[in-house]
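Reading the structure
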Amino acid sequence: MSEVVRLERHGDIAAIVVDNPPVNALGQAVRQGLKERLNEAANDDAVRAIVILGAERTFIAGADIREFGKPPQPPSLPEVIEDMDACPKPVIAALHGTALGGGFEVALGCHYRVALDGAKVGLPEVKLGILPGAGGTQRTPRLIGAAKALDMILSGDFVAAEKALSLGLIDEVSKAETPLEAGLAFARKAIDEAYPLRRVRDLEDEILADRGKSDVFDDARGKLKKTARGLFSPHKIVDAVQAAVELPFDDGIKRERELFQECVESPQRAGLIHAFFSERQVGKVPGLKGAARRPLISAGVVGGGTMGAGIAVSMLLSGLQVIMIERDEESLARGKATVDKILEASVKRGKLTAGSKAAVMTESFSGSTDYAALSDVDIVVEAVFEDMEVKKGVFAQLDAVLKAGAILATNTSYLDVDALAAGTSRPSDVIGLHFFSPAHVMKLLEIVVGDQTAPEVVATGFALAKRLGKVGVRAGVCDGFIGNRILATYRKQIDYMVEDGASPYEVDDAIRAFGFPMGPFQVSDLAGVDIGWMTRRRLDATRDPRERYVEVADRLYEAGRMGQKSGAGWYLYSEGNRRGAKDPVVENIVVQERAKKDIEPKSFTPEQIQRRYLAAMINEAAKVLEEGIALRPLDIDVTLLYGYGFPRWRGGPMKYADMVGLDQILADIRSYAEEDAFAWQPAKLLVDLVERGENFESLNK
Ligand code: CAA
Ligand code: NAI
């Protein structure tokens, strides 16, 4: 007898309860249990209706994602759902929490669906690189038509109970307290009023209305060209829904199964599922379990520039009280105006009401030029100029006024957090909180742990990330932490390739073709060519003389080509147009720089560009791991996915390296080292892993 699925009797109604914490996922034992309990209830003459529900927090939240890629174990989910559908007694799904993926497909296989107010349903498989493979693509269009089914399945969005009712996905929204109560009440009516067995597979009206109309599918495919660039499963979803409209149910189900299998076998499924689990694992930092957290009610932000204003907005929207400190009244007014502008944009986009914005600005937000205003806050994030002396001055002032136990955080992108901590009387309260621009939008937060940072300060950093709706990643102290340090390395390879013969535009095209949303030169134009220039000047004093240095970007800077903001950078921007055009002037600068060094240009294929870019990224990432700057490969994957546009469907650079094979990556590095041994020193960790025949995944914990 399976314990994860139990059968309860409530008079003439049987309740089948799935109890498989945390989310009642449909692992093998649950599928087996459902099949057996259903069979029992169906064969019990005293049972007149059957309710299926989930225990604890939710109905079934989907297939057990951990089983994908492993040999299938019977019974399959379609087989279990087929039994429900064919059951001669009314089967009712009573939904609460989130009925997702295979869980919602179970509900679609029932004859009726009742949901508690507050429940959500959805088919989010597309986010995992697959499609609803247990009848979801066939039954959903039979309930709501192909166009709405495509919207739902291609977006993967959750649908709230009321909306699901109005669409026709469910039959009733119940005000009952528990799913059992709701399910029993519905079953009672079904018995007393002799409801017919309403099998979704037999519903034809929507299908017949859609049959012969190819425009729904042509439109969907057209949109995918823009929205699903490089993705596999969305195209298969359109094929599956089209099969629902064009084929008899049983043939459609067969087609769905084939397409599902293609998705399961695709590397994108592996990449996306790795991303799913990594982003849940990333907050579980080894050694931090059980660490206390400090309360967070109020916060200070020092510096109201690009980052400070964004950080203030993010904190305000999470319900924190925020005090902004600036160096003079004029800068303060500017900082406050930026906060106001960002919040106003949220109102315009319908994300915030005008009333809430007004309340936030008057009740939660204030500013001062006097540090004494911060005497009672729980945490301060410093976001002043990237200059060690300026930051040290700020930290000294914070140290003088903050209450005991307050956290002192810096948003520095590169500077030494330990040196900042050492300048205070409380180094264990100092931490780096590296937000990404725009700080109210970007989900990544590097939590930079210094030598002396107290575990509870780190734990509070993670709690803050969660509260702000961000993904916190633990990083150690070094120039650039995890993300910017790795970026600096692969970014250099781009400049080398350009000097050696690739055009900046070929490079951008190749990197986009790999799946990044933007090429590195487009990013440079967006961030500002001056930012890269400042970083290079900061490193002038310490640059190793053996390092190759490319001056093309310096020439752009000297020509005043700062990127989008000045109308020209690597690309040329006509008035009001953020999509740049290729510029022969830049190509000319490149040609001149090559000539100065007597470089005979060679050509690079997109694949060659991608391989060098990725090899540089992975090699530096391995060094970051080796040095303990990142604790686990998954921390690097999440950093690159959330902060640097690495395509999610490739799982992150470490996952990608595992999929390509570490031996191939190392072979590439060694062949490039023949041209430039200084830039291409293989990471010891990478060499060791290859020798041991292991991969990065083996280091995830
Ligand atoms: N399989 C296995 N484990 C799962 C899971 C699943 N489908 N969904 C969630 N979990 C695990 C999480 O990994 C996490 O585990 P740890 O505590 O060990 O980290 C735990 O359940 C709780 O998850 P969250 O931290 O995400 O909790 P939450 O309350 O924030 O969110 C949720 C709950 C909305 C269900 C969210 O977990 C979620 O979106 N899950 C995925 C749902 C999904 O994609 N379902 C479709 C699966 S594919 C499918 O069903 C294919 C098919 O057609 C046959
Ligand atoms: P910015 O130049 O836009 O803003 C800095 C602000 O700090 C200015 O408004 C200035 O008036 C104020 N300021 C300077 N000295 C001060 C002092 N002593 N007291 C109070 N306020 C003072 O700079 P930005 O871009 O916001 O960067 C701030 C920090 O964030 C830097 O450390 C930077 O490295 C980091 N950062 C920047 C990112 C970006 O993309 N711009 C991304 C991540 C981190």
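So, how was this worked out
- Residues numbered from 1 in each chain as written.
- Chains lettered and ligands numbered in written order.
- Predicted model: local features only at pLDDT ≥ 70, side-chain atom pairs only at ≥ 80, totals over all residues.
- Heavy atoms only, no water.
- Salt bridge = Lys/Arg side-chain N within 4 Å of Asp/Glu carboxyl O.
- Helix = DSSP H or I, 4+ residues; strand = E, 2+ residues; numbered from the N terminus.
- Buried < 20%, exposed > 50% of the residue type's maximum accessible area, 1.4 Å probe, protein only.
- Expected span 1.5 Å × (residues − 1).
- Arc of directions from axis to C-beta.
- Contact = heavy atoms within 4.5 Å.
- UniProt positions renumbered as here; feature names shortened; annotations may be inferred.
- Near = heavy atom within 4 Å.
- Polar contact = N/O pair within 3.5 Å; in protein donor to acceptor, adjacent residues only side chain to side chain.
- Pairing = 2+ DSSP bridges.
- Axes fitted to C-alpha atoms, helices over the stretch in contact; angles between N-to-C directions.
- Right-handed = clockwise from strand over helix to strand, strands pointing away.
- Areas by Shrake-Rupley, 256 points an atom, 1.4 Å probe, with all protein chains shown as cover.
- Nonpolar A, V, L, I, M, F, W, Y, C, P; charged D, E, K, R; others polar.
- Phe/Tyr/Trp six-rings, centres within 6.5 Å; stacked < 30°, edge-to-face > 60°.
- Lys NZ or Arg CZ within 6 Å of the ring centre and 35° of its normal.

Our focus in this paragraph is the pattern of salt bridges. Inspection of the entire model under this criterion finds 62 salt bridges. For aspartate 509, the salt bridge goes to arginine 512, with nearest N and O atoms at 2.6 Å. Of the two residues, aspartate 509 and arginine 512 are both situated in helix H20 (residues 504-514); the distance of three residues between them amounts to about one turn of the helix. Assessed through its relative accessible area of 37%, aspartate 509 is described here as partly exposed. The salt bridge partner of aspartate 554 is arginine 536, with a shortest N-O separation of 2.7 Å. Placement of aspartate 554 in helix H23 (residues 552-558) and of arginine 536 in helix H22 (residues 529-540) is noted, with a sequence separation of 18 residues between them. You can call aspartate 554 buried: its relative accessible area is 5%. For arginine 536, a relative accessible area of 19% translates into the label buried.

Counting along an α-helix, one turn takes 3.6 residues, and residues three or four places apart therefore face a common direction. Between its first and last C-alpha atoms helix H11 (residues 249-265) spans 24 Å; for 17 residues at 1.5 Å apiece the expected length is 24 Å, and the two agree. What H11 keeps buried is the set Phe249, Gly252, Glu256, Leu259, Phe260, Cys263 and Val264. Looking straight down H11, one finds that the buried residues subtend no more than 145° of arc, so they occupy a single side. Of the exposed residues in H11, those oriented more than 90 degrees away from the buried face are Lys254 and Glu265. Those residues of H11 hidden inside the fold are in contact with helix H4 (136-144), helix H10 (233-246) and helix H12 (267-281).

For the rest of this paragraph, the subject is helix H19 (residues 483-500). When the terminal C-alpha atoms of H19 are compared, their 26 Å separation across 18 residues agrees well with the 26 Å that a helix rising 1.5 Å per residue should span. Summarising burial for H19: 15 of the 18 residues are buried, a large majority. Positive phi appears at glycine 501, one or two residues downstream of H19, with a value of about 145°.

This paragraph deals with the environment of glycine 304. With respect to the helices, strands and loops of the structure, glycine 304 is situated in the loop between strand S10 (298-302) and helix H13 (306-317). Taking relative accessible area as the criterion, glycine 304 reaches 7% and is therefore assigned buried. Sequence separation between glycine 304 and valine 30 is 274 residues, and the spatial gap between their C-alpha atoms is 53 Å. Look past the residues within four positions of glycine 304 in its chain and what remains in contact with it is Ala309, Met324, Ile325, Glu326 and Gly335.

Take the UniProt feature "domain: 3-hydroxyacyl-CoA dehydrogenase C-terminal" (unreviewed entry) in the chain next. With numbering aligned to this structure, UniProt lists the feature "domain: 3-hydroxyacyl-CoA dehydrogenase C-terminal" (unreviewed entry) at residues 480-573 and 611-694. Split by type, residues 480-573 is 60% helix and 0% strand. Its first and last C-alpha atoms lie 30 Å apart.

Near ligand 1 lie 27 residues; those nearest to it are Arg57, Gly102, Glu105, Arg280 and Lys284. At 2.9 Å, a backbone N or O of alanine 61 approaches a nitrogen atom of ligand 1. Measuring from an oxygen atom of ligand 1, one finds a side-chain N or O atom of lysine 284 at 2.3 Å. Of all elements in the fold, only strand S5 (98-100), helix H3 (102-109) and H12 reach the threshold of two or more residues within the shell around ligand 1.

With mixed pairing, the eight strands of this open sheet are ordered in space as S12-S11-S10-S13-S14-S15-S16-S17. This sheet does not close on itself; its edge strands, each paired only once, are strand S12 (365-368) and strand S17 (471-476). Put simply, the sheet's adjacent strands are angled 25° from each other on average, direction ignored. The pairing of strand S16 (residues 444-449) with S17 spans six bridges and is classified as parallel. Pairing of leucine 444 across the sheet is with valine 471, part of S17.

The next thing to look at is the pairing of strand S4 (residues 91-95). For S4, the tally of buried residues reaches five of five residues, placing the bulk of the element in the interior. What you see with S4 is no split at all: Val91, Ala93 and Leu95 on one side and Ile92 and Ala94 on the other are buried throughout. In terms of strand pairing, strand S3 (residues 49-54) meets S4 through four bridges, oriented parallel. Paired with isoleucine 52 across the strands is alanine 93, a residue of S4. One crossover worth recording links S3 to the parallel S4 by way of helix H2 (residues 77-86), and it is right-handed. As defined by bridge partners, S4 adjoins strand S6 (residues 112-116) across four bridges and the pair is classed as parallel. Across the sheet, the residue bridging to isoleucine 92 is tyrosine 112, located in S6.

Moving on, we come to the sheet that holds strand S1 (residues 5-10). Reading across the sheet, the six strands line up as S1-S2-S3-S4-S6-S9 and stay open at both edges, with mixed pairing between neighbours. Two strands in the sheet have a free side with no partner beyond their single neighbour: S1 and strand S9 (172-174). The mean angle between the axes of side-by-side strands here comes to 25°, regardless of whether they run parallel or antiparallel.

What follows concerns the site of ligand 2. Every one of the 24 residues lining ligand 2 counts as a neighbour, but Met307, Glu326, Arg327, Glu386 and Lys391 are closest to it. Between an oxygen atom of ligand 2 and a main-chain N or O atom of glycine 305, the distance comes to 3.5 Å. Glutamate 386 is positioned with one of its side-chain polar atoms (N or O) 2.5 Å from an oxygen atom of ligand 2. Protein contact buries 79% of the 820 Å² of open area that ligand 2 shows by itself. Mapped onto the shell around ligand 2, the elements with two or more residues apiece are H13, helix H16 (388-401) and strand S15 (430-435). Here the element with the most residues in the shell around ligand 2 is H16; it accounts for three residues. Considered class by class, the residues forming the shell around ligand 2 number ten nonpolar, ten polar and four charged.

Its location among the elements puts glutamate 547 in the loop between H22 and H23. Those residues in contact with glutamate 547 that lie beyond four places of it in its chain are Lys492, Tyr496 and Phe678.

In this section: the packing of aromatic side chains. Applying the stated criterion across every chain yields a total of 16 aromatic pairs. Here the aromatic rings of phenylalanine 186 and tyrosine 195 are separated by 5.8 Å at their centres, their planes lie at 80°, and the arrangement is edge-to-face. Relative to tyrosine 644, the ring of phenylalanine 436 lies with its centre 5.6 Å away and its plane at 80°, an arrangement referred to as edge-to-face. Taken together, the residues phenylalanine 436 in the loop between S15 and S16 and tyrosine 644 in the loop between helix H26 (633-643) and helix H27 (653-660) connect sequence positions 208 residues apart. Each member of the pair, phenylalanine 436 as well as tyrosine 644, carries the same accessibility label: buried. Taken together through their ring pairs, the aromatic side chains of Tyr490, Phe514, Phe516, Tyr613, Phe646 and Tyr656 make up a single cluster. Cation over ring: arginine 280 sits above phenylalanine 276, and NZ or CZ is 3.7 Å from the ring centre. Taking NZ or CZ as reference, arginine 538 lies 4.3 Å from the ring centre of tyrosine 414, over its face.

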